[in-house]
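Residues per chain, in single letters:
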Amino acid sequence: MPKLILIDGSSYLYRAFHALPPLSNAHGEPTGALFGVYNMLRATIKAQPEYVAFVSDAPGPTFRDEMYDQYKANRPPMPDDLRAQVEPMLGLVGALGFPILRVTGVEADDVIGTLADQAHKQGIEVVVSTGDKDMAQLVRDGVTLVNTMTNTTMDTQGVFEKFGVRPDQIIDFLTLTGDTVDNVPGVAKCGPKTAAKWLAEYDTLDNLMANADKVGGKIGENLREALPQLPLSRQLVTIKLDVPLEQGVTDLTMRPRDIDALREMYARYEFKAALKELDAGEPAAAPSPVAAPAISPESLARELVTPDLSGPGTYELVTTQAQFDAWLERLRTAELIAFDTETTSIDSMRADIVGLSLSVEPGVACYIPLTHDYPGAPAQLSRDMVLGALKPIFEDPARPKLGQHAKYDINILSHYGIALQGLKHDSMLESYIWNATATRHDMDSLARKYLGYETVKYEEVAGKGAKQISFSQVDIDTACRYAAEDADVTLRLHHALWPLLQSEPKLRSVYEDIEIPLVPVLAGMEQRGVLIDVNHLRLQSQQLGKRMLELQQQAWGAAGHEFNLDSPKQLIAVLFDELGLPIKVKTPTGAPSTNEEALEAIADDHALPRLILDYRGLAKLRSTYTEKLAEIVNLRTGRVHTSYHQGAVATGRVSSSDPNLQNIPVRTEEGRRIRQAFVAPEGWLVLAADYSQIELRIMAHLSGDEGLLRAFHEGGDVHRATAAEVFGLQPEEVSANQRRAAKAINFGLMYGMSAFGLARQLGVDRGEASDYMARYFARYPGVRDFMESTREQAHRDGYVETIFGRRLYLENLKARNQALRAGAERAAVNAPMQGSAADIIKRAMIAVAHWLKGRDDANMLMQVHDELVFEVKRESIDEVRKAVVERMSGAAALRVPLLVEAGVGANWDEAH
DNA sequence: GTCGATACGTAC
DNA sequence: GACGTACGTATCGACG
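Cut-offs applied
Residues numbered from 1 in each chain as written. Chains lettered and ligands numbered in written order. Predicted model: local features only at pLDDT ≥ 70, side-chain atom pairs only at ≥ 80, totals over all residues. Heavy atoms only, no water. Near = heavy atom within 4 Å. Polar contact = N/O pair within 3.5 Å; in protein donor to acceptor, adjacent residues only side chain to side chain. Helix = DSSP H or I, 4+ residues; strand = E, 2+ residues; numbered from the N terminus. Nonpolar A, V, L, I, M, F, W, Y, C, P; charged D, E, K, R; others polar. Core = buried A, V, L, I, M, F, W, Y, C linked by side-chain atoms within 4.5 Å. Buried < 20%, exposed > 50% of the residue type's maximum accessible area, 1.4 Å probe, protein only. Domains from an automatic or database assignment. Contact = heavy atoms within 4.5 Å. Pairing = 2+ DSSP bridges. Axes fitted to C-alpha atoms, helices over the stretch in contact; angles between N-to-C directions. Parallel < 35°, antiparallel > 145°, perpendicular 65-115°, else oblique. Expected span 1.5 Å × (residues − 1). Arc of directions from axis to C-beta. pLDDT = per-residue confidence, 0-100. Salt bridge = Lys/Arg side-chain N within 4 Å of Asp/Glu carboxyl O. Phe/Tyr/Trp six-rings, centres within 6.5 Å; stacked < 30°, edge-to-face > 60°. Lys NZ or Arg CZ within 6 Å of the ring centre and 35° of its normal. Left-handed = near helix turned anticlockwise from the far one by under 90°.

### Overview of the protein's contact with DNA strand B
Okay, step 1: DNA strand B sits among 20 residues. The nearest are Thr589, Thr594, Asn663, Val666 and Arg667.
Okay, step 2: Considering DNA strand B, the proportion of its atoms within 4 Å of the protein that are sugar or phosphate atoms stands at 82%.
Okay, step 3: Interatomic distance of 2.6 Å between a backbone N/O atom of threonine 594 and a phosphate oxygen of DNA strand B.
Okay, step 4: Between a phosphate oxygen of DNA strand B and a side-chain N or O atom of arginine 667, the distance comes to 2.7 Å.
Okay, step 5: For the surface near DNA strand B, the element with the highest residue contribution is helix α26 (residues 607-632), accounting for three residues.
Okay, step 6: In terms of residue class, the surface near DNA strand B is made up of five nonpolar, eight polar and seven charged.

Below, the structure is given as structure tokens:
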């Protein structure tokens, strides 16, 4: 059966653009999407189809725009970097010999649909290469979709599995769900599940519409409301099958490629490997995904998007001593050891090891099951023997190791007396430093993005939800496929990512000198945990609960009936419908807000708002902190062992969860009582050391503003000094209100606040706020220039940098949507300060941890962005305090001193 | 029971 | 629309 491959050029281009790091050639022309398209096309060339077409959108409006003026109104404009690659792409595709079709007045989808329909009728097999789900309506016997990125195909059965409807129901399905990107209205609140349910029951949209009055509930109302517009939506989502075309299917054959044009383009866009192949006269062969790492980002990108065509790697299940010995030998001579542990829990403090996987060469890995335990489980090597044999290797700093999120595995190994040394690389952190926002940094996402590879998912081997089983119950052969792949993919990711970092010395330095050394430090803090006075928390919980009950009774009295105080929805009904209080604030969705600002605004009109405010304050403390913390304390250690996340914050900060120790209350008296539960053991004290005004100091450093630098060099109260400058007074003449205004400006500026925001913050009118800001900028012109140049840099480069060269890419700088763009600009201004502060405290942590090594009289426990908390033996407190302050102050050499304030007490609250 | 969206609030 | 970065809890509606 002859075959026609139809390539959805727009889909290709967009996907390649977003999948690849922003590459460019020596002239600064963007090339990433071009390269991605080129690589995807190679697979098509290799398949040698009889007929092929590359179908692309033609510029200008289509019949859908005429039908509906809001069509695609929500779609952001094509990014400039992508637009610049459209023409070169078409040139390249043409030179490679592909017939190109662009038809004005219709979309590429319609041309593809028409050709697919014609070919189908002529008995030609059709494969549509696309990532667009709308194309599912074309599927039938002999017409399939292939997704080039994931290398998956979709036939009739596949459509049903994915959407829950037959291909011939897809048009009705899409009509019901609508499409927010293309701005096609559907039925409100009707998602894929509801649409599939209805179509299963009524078969067609027409039938459903005829029976719309039988659908009950709110969603039924939504359906009836949408009825008038559904026919239009259906027309919009229907792909045309009758576009008049000049060429027939059989005209669509590959032409000879234009060697000279290709050579010129390959050279221009620096496709070095392709150029080499061309000159060697070799047909373009698929590059091996396990090839030695190349240095240039371009040649690397080639590896990134090319799926492993040789199939899965070779994975060995190790259950005999001889096999294990052979692997030990491999480890001893390995340049880099990729390792991964499998355990019984995602919580590393509670997890037991189940098995371990290793890889020293891409495509080759082993899994060593240790404690799999299910009926009929085969004999496994002894856990203690295996870990005992691996211990000297894992603890040898001269043997480099690689992990994916290695902190977790370090924690696991530590349960078995192995203190891992020599962590050289972590693929999660490589990706995070290369581009913190382009992707999530879990292995599945990274493999998809950087290797074009779909990993075996944890859910597939262990199930999910209530049906999830412990990894120890997973069949060891299945476990091997999953676990060995983890080690293999980790190594392959490293081969993909490390050359990228090497090509950018500053990023490499942030990675090697900050992030990697920080891993064992954070692991140590997690394992140590912080001692909690559970009784203190329980007592506080009780007292809070009692007061909440009282407030609840009073609130019910004020409302005239009982209602759920925790439900904003019920509260809206009571306040605004029943009591008729004025709505002064709305939520982003347009509903009346009941947040603090809203309640505060009507607190003088009625007793209820104040009662709710008081109740909320207590409820927050109790549910989030006193109850939760007491619950989460490890009964064995009496401590809470938080998780620190190194790849979660775009600016480089570390975050904390389970529990989040970085948002424990401090501003109110009742809140500080929670901090009193963070204690030190008998004979020990809590030491808390924090940077004073670090972000403002960084702003002074980065801007070089003389006035601000002087304020910090003179010491004293910087907000007071600012107020004195702005209001033209002596520092001692500054009023409390003036100082408050200056402080608000100082903070607000770092967040990109506008005069409007400042006015709101200070409760003054906008003109007055504008006046303050104008005076501020007149006194501190360097700050204004710095902010302007930061915005410029962001627009020029697409990213901003910290003092140490950490990079933050801004996504929405070119958005057509004003709010998005303004938001990106504010983020651009804030990132260098927040990020530099993060770099500095990370460096301090590494230095302090180094100093603490080998001591048993002090432990670093917590990091709260600009603060480090320790427990220290009473007799060592002065020495430790001095050493900590020195290392924190010395973590960076700025044009202003880095002042560190350290306090000591029996608990965290007292230490402040 | 589980999940996602929404609203709210805590920290730096 | 208007101040950056996180994480956690509760409610509510939908799903299975």
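### Section: the nonpolar core
Okay, step 1: The biggest cluster of nonpolar side chains holds 117 residues, and the ones touching the most others in it are Phe678, Tyr691, Met699 and Tyr776.
Okay, step 2: In terms of residue count, the dominant contributor to this core is α26 (11 residues).
Okay, step 3: Both domains that furnish three or more residues to this core are identified here as domain 4 (552-624) and domain 5 (695-833).
Okay, step 4: What tyrosine 691 contacts, discounting residues up to four positions off in sequence, is Ile840, Ile841, Ala844, Asp866, Met888, Ser889, Ala891, Leu898, Leu899 and Val900.
Okay, step 5: Grouped together as the second largest cluster of nonpolar side chains are 71 residues, Leu356, Val386, Leu390 and Leu507 included.

### Quick notes on the pairing of strand β8 (residues 337-343)
Okay, step 1: Of all seven residues in β8, seven are buried, a share of seventy percent or more.
Okay, step 2: By the alternation rule, side chains of β8 split into Ile337, Phe339, Thr341 and Thr343 and Ala338, Asp340 and Glu342, which are all buried.
Okay, step 3: Two elements, β8 and strand β11 (residues 401-403), share two bridges in a ladder whose sense is parallel. The residue bridging isoleucine 337 from the neighbouring strand is lysine 401, located in β11.
Okay, step 4: When β8 meets strand β9 (residues 353-361), the two strands line up antiparallel, connected through six bridges. The partner of threonine 343 across the bridge, within β9, is isoleucine 353.

### A closer look at the protein's contact with DNA strand C
Okay, step 1: With respect to spatial proximity, 32 residues lie near DNA strand C, and among them Thr194, Lys569, Tyr751, Gln761 and Arg826 are the closest.
Okay, step 2: Taken together, the sugar and phosphate atoms account for 72% of what DNA strand C places within 4 Å of the protein.
Okay, step 3: Within the side chain of lysine 569, one N or O atom sits 2.5 Å away from a phosphate oxygen of DNA strand C.
Okay, step 4: Contact distances for DNA strand C include 3.4 Å between a phosphate oxygen and a side-chain N or O atom of glutamine 570.
Okay, step 5: Looking at the surface near DNA strand C, the elements with two or more residues in it are α8 (192-202), α24 (568-578), α26, β16 (655-657), α32 (755-762) and α35 (818-852).
Okay, step 6: Counted by class, the surface near DNA strand C contains seven nonpolar, 17 polar and eight charged residues.

### Concerning the environment of asparagine 222
Okay, step 1: On the secondary structure map, asparagine 222 appears in helix α10 (residues 217-226).
Okay, step 2: Taking the C-alpha atoms as reference, asparagine 222 lies 9.7 Å from glycine 186; in sequence the two are 36 residues apart.
Okay, step 3: Excluding residues that lie within four positions of it along the chain, asparagine 222 makes contacts with Val187, Ala188 and Lys189.

### Thoughts on the packing of helix α28 (residues 694-703) against helix α34 (residues 781-797)
Okay, step 1: Packing of α28 against α34 brings their axes to within 9 Å, and their N-to-C directions diverge by 85 degrees. Relative to α34, the element α28 lies roughly perpendicular. In contact with Met699, Leu702 and Ser703 of α28, α34 contributes Gly782, Val783, Phe786 and Met787.
Okay, step 2: Of the residues assigned to the contact of α28 with α34, the class counts are five nonpolar, two polar and no charged.

### Some thoughts on the sheet that holds strand β5 (residues 143-147)
Okay, step 1: The strand order β3-β2-β1-β4-β5-β6 describes an open sheet built from six strands, whose pairing is mixed. In this open sheet, the two strands that pair with only one neighbour each are β3 (100-101) and β6 (152-154).
Okay, step 2: Both strand β1 (residues 3-8) and strand β4 (residues 125-129) contribute to a ladder of five bridges, which runs parallel. In the strand pairing of β4, lysine 3 is matched with glutamate 125.

### Here's the deal with the sheet that holds strand β12 (residues 423-426)
Okay, step 1: Strand order in the open sheet made by the six strands is β7-β10-β9-β8-β11-β12, with mixed pairing throughout. With partners counted over all chains shown, the strands left at the sheet margins are β7 (314-317) and β12, one partner each. Ignoring which end each strand starts from, the neighbouring axes of this sheet average 25 degrees apart.
Okay, step 2: Across five bridges, β9 lies against strand β10 (residues 364-369) in antiparallel orientation. From the neighbouring strand, glutamate 361 faces β10, where its bridge partner is valine 364.

### Re α35
Okay, step 1: For α35, which comprises 35 residues, the first-to-last C-alpha distance of 50 Å matches the rise-based estimate of 51 Å (1.5 Å per residue) to within 8%.
Okay, step 2: The backbone nitrogen of alanine 819 has a side-chain oxygen 2.8 Å away, supplied by the residue at the start of α35, namely asparagine 817.
Okay, step 3: Within two residues after α35, glycine 854 carries a phi angle of roughly 85 degrees, on the positive side.

### Overview of helix α6 (residues 156-163)
Okay, step 1: Residues of α6 that are buried include every one of Gly158, Val159 and Phe163, and no others. With its buried residues spanning 105 degrees around the axis, α6 presents them on a single face.
Okay, step 2: On its buried face, α6 is in contact with β6, α7 (170-177) and α8.

### Topic: the confidence of the model for chain A
Okay, step 1: Confidence in the prediction of chain A, expressed as mean pLDDT, is 88, and 95% of residues score 70 or more.
Okay, step 2: Note that residues 282-311 has pLDDT below 50 and, in this model, 62 contacts with residues that lie over four places away or in other chains.

### Brief notes about the environment of phenylalanine 471
Okay, step 1: Mapped onto the elements of the fold, phenylalanine 471 is located in the loop between α20 (458-462) and α21 (476-502).
Okay, step 2: For phenylalanine 471, the residues in contact, after removing those within four places along its chain, are Glu342, Thr343, Val354, Tyr367, His372, Tyr458, Val461, Ala479 and Tyr482.

### Details of the pattern of salt bridges
Okay, step 1: Per the stated rule, a full pass over the model turns up 48 salt bridges.
Okay, step 2: Between aspartate 396 and arginine 399 there is a salt bridge; the shortest N-O distance is 3.4 Å.
Okay, step 3: Given the relative accessible area of 23%, arginine 399 is considered partly exposed.

### Looking at the side chain of aspartate 488
Okay, step 1: Along the polypeptide, aspartate 488 turns up in helix α21.
Okay, step 2: From its side chain, aspartate 488 meets the backbone nitrogen of glycine 363 in a polar contact 2.6 Å long.
Okay, step 3: Not counting chain neighbours up to four residues away, the residues in contact with aspartate 488 comprise Gly313, Tyr315, Ser359, Pro362, Gly363, Val364 and Ala365.

### Here's the deal with the pairing of strand β20 (residues 858-863)
Look at any regular strand and the pattern is simple: side chains alternate between the two faces of the sheet.
Okay, step 1: With respect to burial, β20 is a largely interior element, six of its six residues being buried.
Okay, step 2: The sheet contact formed by β20 and strand β21 (residues 867-873) spans five bridges and is antiparallel. Within the sheet, the bridge partner assigned to methionine 862 lies in β21 and is valine 869.
Okay, step 3: The loop that links β20 with its antiparallel partner β21 comprises three residues; one of these, histidine 865, has a positive phi angle of about 70 degrees.

### Thoughts on the packing of aromatic side chains
Okay, step 1: Applying the stated criterion across every chain, the model contains 17 aromatic pairs.
Okay, step 2: A centroid spacing of 5.7 Å and a plane angle of 70 degrees characterise the contact between tyrosine 458 and tyrosine 482, whose relative ring orientation is edge-to-face. Here tyrosine 458 is found in helix α20, whereas its partner tyrosine 482 is found in helix α21, with 24 residues between them in sequence.
Okay, step 3: The buried category is assigned to tyrosine 482, whose relative accessible area is 9%.
Okay, step 4: Here a set of aromatic residues connected by ring pairs shows up, and it is made of Phe35, Tyr38, Tyr266, Tyr269 and Phe271.
Okay, step 5: The residue whose ring lies beneath arginine 330 is tryptophan 327, and the NZ or CZ to ring-centre distance is 4.4 Å.
Okay, step 6: Just above the ring of tyrosine 799 sits the side chain of arginine 807; from NZ or CZ to the centre is 4.2 Å.

### Quick word on the packing of α28 against α35
Okay, step 1: Where α28 meets α35, the closest approach of the two axes is 9 Å, and the angle between their N-to-C directions is 115 degrees. It follows that α28 is roughly perpendicular to α35 by the angle criterion. For the pair α28 and α35, the sense of crossing is right-handed. Across from Ile694, Glu695, Ile698, Met699 and Leu702 in α28, the residues of α35 making contact are Asn830, Pro832, Met833, Gln834, Ser836, Ala837 and Ile840.
Okay, step 2: Of the residues that constitute the contact of α28 with α35, the class distribution is eight nonpolar, three polar and one charged.

### Structural notes on unusual backbone geometry
Okay, step 1: Cis geometry is adopted by the peptide bond preceding proline 659, which originates at aspartate 658 and carries an omega value of 0 degrees.
Okay, step 2: Residues other than glycine seldom take positive phi values, yet histidine 405 does so here, at roughly 55 degrees.

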